[in-house]
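Structure at a glance
What follows is each chain in one-letter form.
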Amino acid sequence: MDMQHDTFPAIAHLSFSGDFGGREKVAVSLQRGMLRAGYDCFLYMIVEERLGPDRNENLLRSLGEKNGNWRFFRTDRRFSRVLLKEIGTSLREDGVRIVHCHCYKSLFYAHLLRALGMTKAAVFYTLHGLVLRPGWSSSFIKGTQTVGLRLCDGVIGCSKEILESNIAPGWAGKTAAIINAIEPPAEDYEDIGRMKVAARRRLVEQYGLDADKPIVINVGRLCPQKNFPLYFRLVERFLRESPNGIEANYLLLGNGALEEELREEARRLGVDDKVVFTGFVPDMAGVFTGADLLVQTSIWEGTPMCLLEANSFGLPAVVPDVGGNGDVVDDGGNGALFPVGDLDTLAEKTRAYLEDPSLREKHGRKAFERVRRDFNIADWVRRHVDFYADVVGRKA
């Protein structure tokens, strides 16, 4: 396949989304990066109205500045023939030859469109990480994804672990592990420092924090995957260890179905007055700039965009050794890893950062430098385009 930008086939990134999260951030960032690199690239965002107007509004606000190659569709159903026709028509009008899907629903639609002769595009799929609770609907989703994977022209894993756990041996040449990327907010680490004072002051004022204590954040949808009760147990342990506890402010940023359940758990542990539930925050740049440490407690992950974002703002992170976290964090070098669910190790490594501002500074700088060097948008785009070209070229 010709690798020149002006002759490379048009690409469309498809995602069904009712709210904004890491997967949406990936699709948007990749489309913008490809368009900026000179490729004819589109974003097809299917807004799931059944999730409610508040969550839909979060999605639309968080997408940021739109460009002329964005296409929005709306549906209140899991499957719609009208939607299928609308997507097929747009693919044809935009001349799309490569469809890159970012969720199992978009994958299903892409294969159906191809089976019905409504597109001849090659179909690629990114495994962002999908672990579901047991149940009929989960079995259906996993089955749909498994069949869809086999029909794909190419499959991308946002971490090696996710690729290896979902793809059977013998798929050589059809898969690639491509770690996510982020656009750093500044050229130099010192530029971040100059923005920090004002950003920190805004956080303190907005959430009623103690200006003299470090600000710890945990970010994500309020869902079982993120295991936020472990975060509460961490805070509870620190409070028990001394009369005043470890001197820190604790924020929980995100919204989701488990909010009331999590608030009750915080009350049960006696930390409801120590952990600030912020709800959905559209300006995460201000949070990452003003905070001092990211703590993540997830049971599973792909390669979380919030980790890359935090690092891009010079924020060190304490994260579970799962998914792509180990590809981003050098334990003891630019952050810290702990075994999933291990409160003792989580507490030990978090305490080290809270008690030593110089360690936060040292690892924050190294995290910033690592993101700029190894997880930049330009290289991320190139890896995707090279994979598209290799797969479609062999298929031709």
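Use the structure listed above.
Within every chain, residues take consecutive numbers counted from 1 along the sequence as written. The model is predicted, so local features are restricted to residues of pLDDT at least 70 and side-chain atom pairs to those at 80 or more, both for listing and for counting; the totals for chains, interfaces and linings are taken over all residues. Hydrogens and water molecules were not included; the side-chain quantities draw on all heavy atoms of the structure.

It is worth spelling out unusual backbone geometry at this point. Phi is mostly negative for residues that are not glycine, and the peptide bonds are mostly trans. Phi angles above zero are rare outside glycine, and Asn227 is one such case at about 50°. In DSSP terms, a helix is any run of H or I states spanning at least four residues, a strand is any run of E spanning at least two, and both are numbered starting from the N terminus. Considering the arrangement of structural elements, one finds Asn227 in the loop between strand S8 (215-219) and helix H8 (228-241).

Attention now goes to the sheet that holds strand S13 (residues 336-338). Either a parallel or an antiparallel arrangement is found when strands of a sheet pair, and the pairing is made through backbone hydrogen bonds. The parallel open sheet is built from 6 strands, whose spatial order is S10-S9-S8-S11-S12-S13. Among the strands making up the open sheet, the edge pair consists of strand S10 (275-279) and S13. On average, adjacent strands in this sheet sit at an angle of 25° to one another, irrespective of strand direction. Sheet topology places S8 next to strand S9 (residues 249-253); 5 bridges connect them, and they run parallel. Paired with Val219 across the strands is Leu253, a residue of S9. Strands qualify as paired when DSSP identifies two bridges or more between them. Between N-to-C directions, angles span 0 to 180 degrees; the directions come from axes that are lines fitted to C-alpha atoms, helices contributing only their stretch in contact.

Note: strand S2 (residues 41-48) against strand S3 (residues 70-75), 6 bridges, orientation parallel. Note that in S3 the partner of Glu48 across the bridge is Thr75. Viewed along the sheet, the connection from S2 through helix H2 (residues 53-62) into S3 turns out right-handed. The path from the first strand over the helix to the second decides the hand: if it runs clockwise while the strands point away from the viewer, the crossover is right-handed.

Once that is clear, we can look at the pattern of salt bridges. One side-chain nitrogen of Lys or Arg within 4 Å of one carboxyl oxygen of Asp or Glu is enough to make a salt bridge. Counted under the stated rule, the structure contains 29 salt bridges. Across the pair Glu183 and Arg36 runs a salt bridge whose closest N-O atoms are separated by 3.0 Å. Of the two residues, Glu183 sits in the loop between strand S7 (175-177) and helix H7 (189-207) while Arg36 sits in helix H1 (residues 22-36), which places them 147 residues apart along the sequence. Note that Asp153 is salt-bridged to Arg114, the shortest N-O span being 2.7 Å. With Asp153 in the loop between helix H5 (136-151) and strand S6 (154-157) and Arg114 in helix H4 (residues 104-115), this pair connects stretches of sequence that are 39 residues apart. Classification of Arg114 by relative accessible area gives partly exposed; the value is 22%. Because the salt bridges share partners, they merge into one network encompassing Arg23, Glu24 and Arg221. Only protein chains enter the calculation, and the probe is 1.4 Å; a residue is then buried if its accessible area is under 20% of its type maximum, exposed if over 50%, and partly exposed in between.

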